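Listed below, chain by chain, are the residues.
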Amino acid sequence: VTWESLRTMSMYGGDHTINVLRVDPSAHTVTPESHSGCQTVNGHLSSSGALAGINGGFFGGGCTSLCLLRSNGTEHSQNTMHTSNSSGSYTYPMRSMGWTGASSGFSWVDEYVSWTSYSNAIGGYPSLVENGALTGEVYPGQQVWSATDWSANPRTALGVTSSGEFLMVTVD
């Protein structure tokens, strides 16, 4: 496990700190954990005994998860985010990362669908990179369009390098 940090004042108009955890999943166990969205990462880490952690999803009213979360084969939540438009409400899939040991993959997973291909999984959006190419998609083929998606709020990302190393990234 390695950690890299960069603080910059010149990226996108302000003060940002970028943290990257690199984990070799063949040497270390990476397990998502369910917790109250109202609980801080540090608060959860102190009770879980984990080496490190990031907030990996969106939370709604009552601090409930709006994203897929599967941990060691147990599904804690499904992708449940939605939006409304002039023709009513519609659902859209979330880009989800799944893994079992060092084997990992990504998929667009629809709302209210159990994705059981891997024992661990986390959903989120937008998808930033696919097969090494920048995408910035909120769903397949649709570029991010909302000012909210690009607003200056803390962000997290999960990824896998071509060598299989897991990346956990925060930008704040």
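Residues numbered from 1 in each chain as written. Predicted model: local features only at pLDDT ≥ 70, side-chain atom pairs only at ≥ 80, totals over all residues. Heavy atoms only, no water.

Peer 1: Break down the overall build of the protein for me, with residues and values.
Peer 2: Tallying secondary structure elements over the protein gives one helix and 14 strands in all. Every one of the 172 residues in the protein was classed for burial, and the buried ones make up 33%. Long-range pairs, those at least 24 residues apart, make up 48% of the contacts in the protein between residues at least 6 apart in sequence. Carbon and sulfur atoms form 52% of the exposed surface of the protein, whose accessible area is close to 9900 Å². (Helix = DSSP H or I, 4+ residues; strand = E, 2+ residues; numbered from the N terminus. Buried < 20%, exposed > 50% of the residue type's maximum accessible area, 1.4 Å probe, protein only. Contact = heavy atoms within 4.5 Å. Areas by Shrake-Rupley, 256 points an atom, 1.4 Å probe, with all protein chains shown as cover.)

Peer 1: Lay out the sheet that holds strand 12 (residues 142–143) in plain terms, naming residues and giving numbers.
Peer 2: Read from one edge of the open sheet, three strands run 10-11-12, paired in antiparallel fashion. Of all strands in the sheet, those bounded by a partner on one side alone are strand 10 (127–130) and strand 12. Bridging between strand 11 (residues 133–139) and strand 12 involves two bridges; their strand directions are antiparallel. Within strand 12, the residue paired with Glu137 across the bridge is Gln143. (Pairing = 2+ DSSP bridges.)

Peer 1: Quick one: what's the story with the pattern of salt bridges, residue by residue and with numbers?
Peer 2: Pairing between side chains of opposite charge can happen when the charged atoms of each approach one another. Enumeration according to the criterion identifies five salt bridges in this entry. Between Glu4 and Arg22 there is a salt bridge, and its shortest N-O distance comes to 2.5 Å. One end of the pair, Glu4, is in strand 1 (residues 2–11); the other, Arg22, is in strand 2 (residues 14–23), with 18 residues separating them in the sequence. A salt bridge links Arg95 to Glu130, with the nearest nitrogen and oxygen atoms 3.6 Å apart. A residue pair is termed long-range when its members are at least 10 positions apart, and Arg95 in strand 7 (residues 94–100) and Glu130 in strand 10 qualify at 35 residues. A residue is classified by how much of its surface remains accessible, and Arg95, at 14% relative accessible area, is buried. Through salt bridges with shared partners, one network takes in Glu4, Arg22 and Glu165. (Salt bridge = Lys/Arg side-chain N within 4 Å of Asp/Glu carboxyl O.)

Peer 1: An account of the environment of Leu66 is needed here, citing residue identities and associated values.
Peer 2: Relative to the helices and strands, Leu66 is located in the loop between helix 1 (41–48) and strand 3 (69–71). Along the sequence, Leu66 and Glu111 sit 45 residues apart, while their C-alpha atoms lie 9.5 Å from each other. Here Leu66 is in contact with Phe58, Phe59, Gly60, Gln78, Asn79, Thr80, Met81 and Met94, once residues within four sequence places are set aside.

Peer 1: Talk me through the packing of aromatic side chains; I want residue IDs and the actual numbers.
Peer 2: The final tally for this structure, using the stated rule, is two aromatic pairs. Between Trp99 and Phe166, the aromatic rings sit 5.7 Å apart at their centres with planes inclined by 75 degrees, giving edge-to-face as the arrangement. You can see Trp99 sitting in strand 7 and its partner Phe166 sitting in strand 14 (residues 166–171), a full 67 residues away along the chain. For Trp99, a relative accessible area of 4% gives the class buried. Its relative accessible area of 2% is what places Phe166 among the buried residues. Measuring from centroid to centroid gives 5.5 Å for Trp115 and Tyr118, while their planes differ by 70 degrees, and the two rings are edge-to-face. The exposure class assigned to Tyr118 is buried, which follows from its relative accessible area of 18%. (Phe/Tyr/Trp six-rings, centres within 6.5 Å; stacked < 30°, edge-to-face > 60°.)

Peer 1: Which residues make up the sheet that holds strand 8 (residues 103–109), and what are the values?
Peer 2: Across the sheet, which stays open at both edges, the five strands sit in the order 4-3-9-7-8 with antiparallel pairing between neighbours. At either margin of the open sheet sits one strand with a lone partner, and together these are strand 4 (74–77) and strand 8. Taken over all neighbouring pairs, the strand axes of this sheet differ in orientation by 20 degrees on average, direction set aside. Both strand 7 and strand 9 (residues 120–124) contribute to a ladder of five bridges, which runs antiparallel. Within the sheet, the bridge partner assigned to Met97 lies in strand 9 and is Ile122. (Axes fitted to C-alpha atoms, helices over the stretch in contact; angles between N-to-C directions.)

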